[in-house]
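So you can see what is in the structure, the chains are spelled out below.
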Amino acid sequence: MRFSNIPHMQRQKLAILERVRHDVGRFTNPVFNAFLIAAAVYLPCYAKLMLFSTSGTLDPLNVLLALSSIAIVLITPAFALAAAVEVYFARRIANASWASETIEFA
């Protein structure tokens, strides 16, 4: 049996992974929130433009549509990176918790 396969060490690895995910979450959660807000502004404005469009008018909803689309385009790379990091840590934590359960009951 290797030293790293001791149940206590597996629980320590799991605790460290959960702590790192929490710490990284302080940086990824604002990205998710900003993307969600920009998308929540974009979708109703776009629906209004498609359903009730008037040619040649510049109203506040069209300005909001433009600003939210710019925000979405600028945030998308950070959103993709944050989502990839979250998926990575979720898989690592799932594997670590599975390994600690397997060793404890073996």
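(A) Main features of the overall build of the protein chain. Within the protein chain, the regular secondary structure consists of 2 helices and 0 strands. Classification of the 106 residues of the protein chain by burial places 20% in the buried group. Restricting to contacts in the protein chain with at least 6 residues of sequence separation, those with at least 24 account for 79%. Carbon and sulfur atoms provide 71% of the accessible area of the protein chain, an area that totals close to 7600 Å².

(B) Representation of the side chain of asparagine 62 in the model. Along the chain, asparagine 62 falls in helix 2 (residues 60-104). What asparagine 62 contacts, discounting residues up to four positions off in sequence, is Leu49 and Thr57.

(C) Structural view of the pattern of salt bridges. Taken as a whole and assessed by the stated rule, the structure comprises 3 salt bridges. Across the pair aspartate 23 and arginine 19 runs a salt bridge, and its minimum N-O distance is 3.6 Å. One end of the pair, aspartate 23, and the other, arginine 19, are both in helix 1 (residues 7-51), 4 residues apart, so they sit about a helical turn from each other. Note that aspartate 59 and lysine 48 form a salt bridge whose closest N and O atoms lie 2.9 Å from each other. Pair noted here: aspartate 59 is in the loop between helix 1 and helix 2 and lysine 48 is in helix 1, with a separation of 11 residues, a long-range link. A relative accessible area of 26% places lysine 48 in the partly exposed class.

(D) Seen up close, the packing of aromatic side chains. Here the structure, examined in full by the defined rule, presents 4 aromatic pairs. Measuring from centroid to centroid gives 5.4 Å for tyrosine 88 and phenylalanine 89, while their planes differ by 70 degrees, and the two rings are edge-to-face. Look at tyrosine 88 and you get partly exposed, because its relative accessible area is 45%. An aromatic cluster of three or more residues is present, and its members are Phe32, Phe35 and Phe79.

(E) The nonpolar core, seen in detail. With 5 residues, the main nonpolar core is built from Leu14, Leu17, Phe89, Ile93 and Ala96. Put simply, the parts of the chain that give this core at least two residues each are helix 1 and helix 2. Take this core: its biggest share by element is 3 residues, from helix 2.

About the cut-offs
Residues numbered from 1 in each chain as written. Predicted model: local features only at pLDDT ≥ 70, side-chain atom pairs only at ≥ 80, totals over all residues. Heavy atoms only, no water. Helix = DSSP H or I, 4+ residues; strand = E, 2+ residues; numbered from the N terminus. Buried < 20%, exposed > 50% of the residue type's maximum accessible area, 1.4 Å probe, protein only. Contact = heavy atoms within 4.5 Å. Areas by Shrake-Rupley, 256 points an atom, 1.4 Å probe, with all protein chains shown as cover. Salt bridge = Lys/Arg side-chain N within 4 Å of Asp/Glu carboxyl O. Phe/Tyr/Trp six-rings, centres within 6.5 Å; stacked < 30°, edge-to-face > 60°. Core = buried A, V, L, I, M, F, W, Y, C linked by side-chain atoms within 4.5 Å.

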